[in-house]
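Residue-level structural notes
Given next are the chains, with one letter for each unit.
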There are 2 protein chains.
Amino acid sequence: MKYIYAFAEGNKDMRDLMGGKGANLAEMTGMGLPVPPGFTITTETCNHYLETKDFPVGFFEELDEKLDELQHTMKKTFGSRQNPLLVSVRSGARVSMPGMMDTILNLGLNDETVEGLIEKTNNPRFSFDSYRRFVTMYGNVVLGIAHDHFEEALEAAKKAKSVSEDTELETEDLKKLVKVLKGIVLHHSGKPFPEDPREQLLGAIASVFHSWNSKRAITYRNLNGIPHNMGTAVNVQSMVFGNMGEDSGTGVAFTRNPATGDKEFFGEFLVNAQGEDVVAGIRTPQKISELRDRMPEMYDQLHKVQKTLEDHYRDMQDIEFTIEHGVLFMLQTRNGKRTARAAVKVAVDMVVEGLITKHEALQRIDPNQLNALLHPSIDPAAKKEVLARGLPASPGAAVGKIVFTADDAYRLAEDGEKVILVRKETSPEDIHGMHAAQGILTSTGGMTSHAAVVARGMGKPCIAGCKEAHVDDKIKTLEIHGQVFGEGDVITLDGATGEVMRGAMPTVEPELTGEFDELMSWADEVRKLKIRTNADTPFDAQVARRLGAEGIGLCRTEHMFFDEDRIMFVRQMILSTDEKSRKRALDKLEPIQCEDFKGIFKVMNGFPVTIRLLDPPLHEFLPNTEGKIKAVAQEMGVDYGELQKMVDALHELNPMMGHRGCRLGITYPEIYEMQARAILEAAKSATKDGIKVIVEIEIPLVGHVNELKVLRELVEKVAATMGALDFDWKVGTMIELPRACVTADQIARHADFFSFGTNDLTQMTFGLSRDDAGTFLPYYTEHNILPDNPTETIDQEGVGQLMRMAVKLGRSVKPDLEIGICGEHGGEPRSVMFCHEIGLNYVSCSPYRVPVARLAAAQAAL
Amino acid sequence: MKYIYAFAEGNKDMRDLMGGKGANLAEMTGMGLPVPPGFTITTETCNHYLETKDFPVGFFEELDEKLDELQHTMKKTFGSRQNPLLVSVRSGARVSMPGMMDTILNLGLNDETVEGLIEKTNNPRFSFDSYRRFVTMYGNVVLGIAHDHFEEALEAAKKAKSVSEDTELETEDLKKLVKVLKGIVLHHSGKPFPEDPREQLLGAIASVFHSWNSKRAITYRNLNGIPHNMGTAVNVQSMVFGNMGEDSGTGVAFTRNPATGDKEFFGEFLVNAQGEDVVAGIRTPQKISELRDRMPEMYDQLHKVQKTLEDHYRDMQDIEFTIEHGVLFMLQTRNGKRTARAAVKVAVDMVVEGLITKHEALQRIDPNQLNALLHPSIDPAAKKEVLARGLPASPGAAVGKIVFTADDAYRLAEDGEKVILVRKETSPEDIHGMHAAQGILTSTGGMTSHAAVVARGMGKPCIAGCKEAHVDDKIKTLEIHGQVFGEGDVITLDGATGEVMRGAMPTVEPELTGEFDELMSWADEVRKLKIRTNADTPFDAQVARRLGAEGIGLCRTEHMFFDEDRIMFVRQMILSTDEKSRKRALDKLEPIQCEDFKGIFKVMNGFPVTIRLLDPPLHEFLPNTEGKIKAVAQEMGVDYGELQKMVDALHELNPMMGHRGCRLGITYPEIYEMQARAILEAAKSATKDGIKVIVEIEIPLVGHVNELKVLRELVEKVAATMGALDFDWKVGTMIELPRACVTADQIARHADFFSFGTNDLTQMTFGLSRDDAGTFLPYYTEHNILPDNPTETIDQEGVGQLMRMAVKLGRSVKPDLEIGICGEHGGEPRSVMFCHEIGLNYVSCSPYRVPVARLAAAQAAL
């Protein structure tokens, strides 16, 4: 077993073993690009270490060998006073997890080698500044001492000297500071700061290994569906310095614009700085184009390198570089994160450029990312009061209440609030809050700051580096030009323009680009699954059609019941004590429902429309608090006590498993009769108007074949009273109970179609109520008890097995049985792939998810 | 296809076609016993008629042929004025459904034939009395005219003559009455009363067919698990008359005592009466032994016949006979319904007598019936205030509130009340109320009255013919010797003695007879399934051991939490906001739980004990109304608001699918740690005391293997801290979620045993909450949408399929995996059979169900 690979020994295909960063450093080395020499310790070594709490046998020998080689190449010696070798130690997992794990720079410095560095650089201030940074970083990251302690010492040093900037500290101050910092290390760790560079190195390597299991790394993996057993590699690389003066610098750049996808070399740099300064967003960097003026030769060289890299990798690259005394070094390349818009544009452009194929283009894009493209943006016609302008770090419109901490964001979002997370800058500890927020606003940091990178990855609107905004997270205020906003005040962000606006702005539908349509048309050529939508109104149906829906897979009739002009009739129906008065109320609802359906048929002209008959328990239509009951009683002119009694009578201990779905249809047949009549009447009338109607009447919550049989007969009885029906109509059922899955052969005999209701099926199969699972489900996914949240992606092992069974049993009776899915999983890419795999005919999802499903279905077919 | 069989053409094995009554009449005819000639129209004809609403082609020809034969045999002619043939028309299904369907007597009478009857009987009063009865019966049963109308006419006739008894009406009065009754028929049916006997006959046959689908018949079938598609046969039999004077009579009898099983000829008769008079309980009949004095010859003949029948059928017979002018006729024989006690005694006695084998004896008894034997009776030591004494119609003690109508009984029982149904007499319309009541008290009727027969069948205590009780169901009072009781007053019935007592009497355990033990020992020889019990206390465990339990299959630890001395600690635990104070509360619970377990181990010395860790959601341990919350807050010395907040925080929308079971164990590991420690500590201590402990620690509500894995590790970690454990202990899981069934192979890898929790499994599989299903489940079973209530008997098609899957998958990984069932189905005979069939190792049920399960398991094995 080989534990360590020199960069020169590896290549980009060794990602599993060397991690992404290591494999790419190796690849660049192989390409002859200027990469500071180094080596990579494998992910397997990490896993061994995490399992056994020790390095594997033979590891130290290999490490010594690689160190020797490195010293030889660099002509420097680790720990040498004369010519000391300094290295960086960085994590690098198979999948990029930016900022999630540990990095240590300047490793190798001690009281001896700092003198060598001074001699070599002839810059004592730089050398001691590097030293104090190293002690701080090592003390914090490797030895686990709180950063505050070191920060306090730095502040004290500045105070003692009555200066306010770090840069104002002089060599002697820094020298003293290093001593103080080492005192802090001794005090808090109980051991002196390790002077031996080899001990430093082993400590740093172990620390990177451990950081794989840090809380924030685990959270990140959970959020991004990354397995927990991959481990991280460790890259040990000789240091180059961007902070050696005005002929030095560091930067990050993209081969194309990661926000728009435009083909332009895009990025930022800082003169006389180390790489962490750019990423941390502490200083606001300059645009890469300005490098051309400051260091033209460097710019040309870099520009050539980036072109070479993009052509080589055949994808947009995200690169990091450092310039040391006018010499360019490449520190990283990887496929660049990009906005959805950019992803689509880059993929389509690259097909046009002949760089990749259509199929590759389709597989390049994470379907989930498309969401960002499809959400409304701010209505351009609306009058907007722009409070401030920042960097347009991640596009999209976000409206919400201000919160100042990630925890607040998380907590309020859990309560259903829409919030905007407002921070000076974000850090990896804020991930959960960023995830919970509608959008993120930071007052510092650039387009490649933590906030910007993470928000783009999440497809969340983000404005970064908004200097006009003054954030005080102690007293929780956001001050902009003298106006003070507090927690709970509503603002709007436009991540595409960088504008921060007062109040809640109206939003409009996204305009989709030509590239988007192009990509979607390629997806449509490839996919086998049909894509339908869940829509309850002509408006939603229209949106979905525009986004490519080929029919409605779920029209929930009860949503129509809640509208102001009809809820009264619904309540009258519920309060009816006999069939006659119930029918009277239903008679009033019928023409309204009929109109609803007709509107939908018109939009879906020629496409199938699945309409589910009433599903929720009746108490959902009644008020549930004393105040509301009183108000409704008054409005309806009924006795309060009577209404209260009805509310009490309808109360259920477990309403999800109560008197709902087809159980309502069976015990109150007049409700389903009305709905069936309204559907067929609407279809008849639409047909007369020249609309091509294909309607599927769907019976929900069928557990036993007899339920479907009885209700199918009911629908057919209604149909028989309606004269000629010159359109295509069917009767089928939701498959959403475990019992329906295991008896699907019986049910299929009476069903023209099946539609999996995976929301309820998941809940019943797990015995888990989504509404109540907040107390344990997050714990389950965080602690890897469940690999995924089954309410988000189909649990293929459990729920999926029941689905397979239902498909097999159903088709054993009717080989051509149409089967779809209409649970929320229908728009989730992994679930869509699964649906393709088990042979469904279509998936149905919310309108804005339709393109996601189209792409996922194409990827499934490829 | 043959539609009609003469009695002489059939035999007892033709029950499917001829119904029970017809087949037995045929058998008796074949045995040469005196049966009035007649024929049977098959069940298939009924089904054809019900399906097509018409008699099948060829039916009329066959009917005419059979009528001709009958006229020939009887030397009488249908419709003849000289010598008219009169017949009875009776239903007779494959399975006896006493009183559920229609009967018409004296058919063939009209204005002509009544004259013939007078000539032949020389008894004009009798003839017109028969005629008016026939018109009434036909008008009511066949033509569907309310009985009240006819009753009013009868009352008016009596009033006109100023008499109070029917018997005081003379020939002329009756003649006039017939005219009035026919007027009622014309008025209500719009058609004159049919004078043509053939028309009468066809109407009666059709009416019997229809009565198969009467509401009461459907209810009866649902209650008794009888399929709805069998149809009924119709028996047309020449009339014999028990009401021809003092040398005539009628009676019903049993070849053995149906209450005790004693070998004695047992029954009742009425002189000068028709059969319906005995069954309807209108006149109180004489004991059969008195027949010996009144008509010794008849008695001897009858006694011989009954002996012949019992020997022939090899079972206790229930017979009906009529004596017409000193000639004995047998009208029916069938296997007699009997109390559980009688069933056991008869079966065991018949083995001793050499009449049947042990295996036959085991199969003779409906396991459900044993329930009646096993329920407490009134404490003989208690001081009792006997209010009145009636006939001991069905043994057992019943305590409850008085209700006067079947509907009230049903409604209150639904609300969880225990009620006693008090009636003058019961009728088939009262079935649902009798089912719902704890016991039945009637003021009229004998040991073979409707109330008595039905109650015995149901295993319910019943006192019939309690003449001291005066029931007024209009004003809802029960008056006994001047004391008036109203609705809601509590009384106690002792069905074994016939005593009605004031208030709620204390009850004691049943004493089991030697015959019972004998039968159970035969069952134990045969069965393959082990029988365990669900018991949470040493007391219950002791009861179950005495009834033959071979271990505990489910010990619910939470039931122990509710006791007064510990609920406080449980609440302290729940209110703890940190782990430390939670542990403090748990520390107080631990020794108490430990003692509980030790007590159970002692009782179950050498038998396995499965202990389930905490299962219900925590809010079940907190008060749930404002008043109770205030009281508990005060008691605990905590702030009301704080407690209310905790109650609110723990509120769940669907608690059955919420934070419970192993989800509690995972999120609050200290609770399961405490329980595991208490169990192992108790086992250790009991072992030290010489007890043989076999303990199975059971993790509830596992849906994903990782849940079990994590909690198994937790238990093992606890065990590792406890030193040597010199007893047998295992860790396993409940299988109660559909997901657990379909992933049982994975789960089995970490489980030492499985135990099906079919209560929850049924609810999840159907998506049906037992607590909420009252609004539709009764409708479902009544309307045959579900063949059975799946919460009562395992739904073999759905839930059962998941169970089969779990057994197969589990044993594919561990061939010897111990698998049991602990849901309430574990004591239900059909479910026990199913468990045997799918290869479970044991069933576990409530203590009093243990003998039921033992017998059912034996029957399954046979």
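Below or above, wherever it landed, is the structure these notes cover.

What counts, and where the lines are drawn
Residues numbered from 1 in each chain as written. Chains lettered and ligands numbered in written order. Predicted model: local features only at pLDDT ≥ 70, side-chain atom pairs only at ≥ 80, totals over all residues. Heavy atoms only, no water. Helix = DSSP H or I, 4+ residues; strand = E, 2+ residues; numbered from the N terminus. Rg over C-alpha atoms; globule rule 2.2 N^0.38 Å. Buried < 20%, exposed > 50% of the residue type's maximum accessible area, 1.4 Å probe, protein only. Areas by Shrake-Rupley, 256 points an atom, 1.4 Å probe, with all protein chains shown as cover. Lys, Arg positive; Asp, Glu negative; His and termini not counted. Charge placed at Lys NZ, Arg CZ, Asp CG, Glu CD. 1 Å grid on protein atoms, 1.4 Å probe; cavity = no way out; pocket = protein on both sides within 12 Å on 5 of 7 lines; lining within 4 Å. Points joined across faces, edges and corners; volume = space filled by probe spheres on them. Nonpolar A, V, L, I, M, F, W, Y, C, P; charged D, E, K, R; others polar. Core = buried A, V, L, I, M, F, W, Y, C linked by side-chain atoms within 4.5 Å. Contact = heavy atoms within 4.5 Å. Buried area = accessible area lost by both parts, 1.4 Å probe. Salt bridge = Lys/Arg side-chain N within 4 Å of Asp/Glu carboxyl O. Polar contact = N/O pair within 3.5 Å; in protein donor to acceptor, adjacent residues only side chain to side chain. Arc of directions from axis to C-beta. Pairing = 2+ DSSP bridges. Least-squares fit on C-alpha atoms with pLDDT ≥ 70 in both. Axes fitted to C-alpha atoms, helices over the stretch in contact; angles between N-to-C directions. Parallel < 35°, antiparallel > 145°, perpendicular 65-115°, else oblique. Left-handed = near helix turned anticlockwise from the far one by under 90°.

**A few points about the overall build of chain A**
If you tally the helices and strands in chain A, you get 35 helices and 31 strands. Radius of gyration (C-alpha) of chain A: 32 Å, near the 29 Å computed for a compact globule of 862 residues. In terms of overall dimensions, chain A has C-alpha extents of about 100 × 55 × 50 Å along its principal axes. In chain A, which comprises 862 residues, the share counted as buried stands at 59%. When the accessible area of chain A is evaluated, it comes to approximately 33700 Å², of which 49% is carbon and sulfur surface. In chain A, 97 side chains carry a positive charge and 126 a negative one; their mean positions are 2 Å apart.

**A short note on empty space enclosed by the protein**
Residues and elements named next belong to chain A. Overall, the coordinates contain seven cavities of 30 Å³ or more when judged by the stated rule. Along the wall of the largest cavity there are 20 residues; nearest its centre are Arg90, Thr250, Gly275, Thr322 and Leu331. Of all elements in the fold, only β3 (87–93), β5 (232–238), β6 (249–254), α10 (275–280) and β9 (317–324) reach the threshold of two or more residues within the lining of the largest cavity. Classifying every residue of the lining of the largest cavity by side-chain character gives eight nonpolar, nine polar and three charged.

**Let's talk about the nonpolar core**
Ranked by internal contacts, the top residues of the largest apolar core, which has 453 residues, are Phe601(A), Phe756(A), Phe601(B) and Phe756(B). With residues up to four places along the chain from it excluded, the contact list for Phe756(A) reads Ile735(A), Cys741(A), Leu761(A), Met803(A), Ala806(A), Val807(A), Ile819(A), Gly820(A), Ile821(A), Cys822(A), Gly823(A) and Leu840(A).

**Quick word on the interface of chain B and chain A**
The interface of chain B with chain A comprises 45 residues on the first partner and 45 residues on the second. Both faces combined, the contact of chain B with chain A buries some 4100 Å², and carbon together with sulfur accounts for 58% of it. It is Asn654(B), Met657(B) and Arg739(B) in chain B that bury the most area against chain A; as a group they hold 16% of the surface buried on that side. Our count for the contact surface shared by chain B and chain A stands at four salt bridges. Of the charged contacts in the structure, one is a salt bridge between Glu797(A) and Arg739(B), with a shortest N-O distance of 3.2 Å. Applying the counting rule to chain B against chain A returns 30 residue pairs in polar contact (both at pLDDT 80 or more). When residues of the side of chain B that touches chain A are traced back to their parent elements, those giving at least two are α26 (662–667), α28 (705–720), α29 (738–742), α31 (758–766), α32 (777–782) and α33 (799–813) of chain B. Counted by class, the side of chain B that touches chain A contains 21 nonpolar, 16 polar and eight charged residues.

**Structural notes on helix α16 (residues 406–414) of chain B**
Residues and elements named next belong to chain B. Restricting attention to buried positions, one finds in α16 the residues Ala406, Asp408 and Ala409. One side of α16 carries all its buried residues, which in axial view fall inside an arc of 160°. Trailing α16 by a residue or two, Gly416 shows a phi angle of about 90°, which is positive.

**Overview of the pairing of strand β30 (residues 818–821) of chain A**
Side-chain direction in a regular strand flips from residue to residue, so the side chains alternate between the two faces of the sheet. All names here are of chain A. Going residue by residue along β30, you find Glu818 and Gly820 tucked away on one face and Ile819 and Ile821 tucked away on the opposite face as well. Here four bridges tie strand β29 (residues 753–756) to β30, and the two strands are oriented parallel to one another. Looking at the pairing, Phe756 lines up with Ile821 of β30. One ladder, built from two bridges, connects β30 with strand β31 (residues 842–845); its direction is parallel. Paired with Gly820 across the two strands is Tyr842, which belongs to β31.

**Digging into the relation of the copies chain B and chain A**
Least-squares fitting of chain B to chain A yields an RMSD of 0.2 Å, with the superposition described by an axial translation of 0.0 Å and a rotation of 179°. Taken together, the rotation angle and the small translation identify this as a two-fold axis. Considering only C-alpha atoms, the part of chain B nearest the rotation axis is Asn654(B), at 2.2 Å. Interface overlap between copies is the fraction of interface residues in one copy that are interface residues in the other; for chain B against chain A it reaches 100%, indicating a shared surface.

**Focus: the sheet that holds strand β17 (residues 462–464) of chain A**
Residue and element names in this part refer to chain A. On the basis of which strands lie adjacent, the open sheet formed by eight strands has the order β12-β22-β21-β14-β15-β16-β17-β13 and mixed pairing. If you trace the sheet from one side to the other, it starts and ends with β12 (386–389) and β13 (391–394), each paired once. Strand-to-strand twist of the sheet, defined as the mean angle between neighbouring strand axes without regard to direction, takes the value 30°. Across two bridges, strand β16 (residues 439–442) lies against β17 in parallel orientation. Along β17, the bridge assignment pairs Leu441 with Ile463.

**A few points about the pairing of β29(A)**
All names here are of chain A. Side chains Phe753 and Ser755 project from β29 onto one buried face, and the interleaved Phe754 and Phe756 project onto a second face that is buried too. Here three bridges tie strand β28 (residues 728–735) to β29, and the two strands are oriented parallel to one another. Counterpart to Thr733 in the pairing with β29 is Phe754.

**Points about the pattern of salt bridges**
For side chains bearing opposite charge, pairing can occur when the charged atoms are close. All names here are of chain A. With the rule as written, the count across this model stands at 120 salt bridges over all chains. Across the salt bridge formed by Glu515 and Lys345, the nearest N and O atoms sit 3.3 Å from each other. Remark: Lys345 occurs in helix α13 (residues 340–352) and Glu515 occurs in helix α19 (residues 514–526); sequence separation between them is 170 residues. Among the ionic contacts, a cluster of salt bridges with common partners joins Asp129, Arg132, Arg133, Glu155, Lys158 and Asp166.

**Description of the sheet that holds strand β1 (residues 4–6) of chain A**
All names here are of chain A. An order of β1-β2-β5-β3-β4 is seen for the five strands of this open sheet, with the pairing classed as antiparallel. Among the strands making up the open sheet, the edge pair consists of β1 and β4 (103–107). Averaged over all adjacent pairs, the angle separating strand axes in this sheet is 20°, with direction ignored. Looking at chain direction, strand β2 (residues 38–41) and β5 are connected through four bridges and run antiparallel. Following the sheet pairing, Ile41 is matched in β5 by Val234. Packed onto the sheet, helix α3 (residues 59–74) meets β1, β2, β3 and β5 and runs at close to 15° relative to β1.

**Some remarks on the packing of α19(A) against helix α35 (residues 850–861) of chain A**
All names here are of chain A. Relative to each other, α19 and α35 sit at 45°, their axes nearing to 8 Å. As summarised for this structure, α19 and α35 are arranged oblique, according to the angle between their axes. Our pair here, α19 against α35, has a crossing hand that is left-handed. Of α35, the residues touching α19 (which contributes Phe516, Met520, Ala523, Asp524 and Val526) are Pro851, Arg854, Leu855, Ala858 and Ala861. Counted by class, the contact of α19 with α35 contains eight nonpolar, no polar and two charged residues.

Don't take any of this as a statement about function, it's just geometry.
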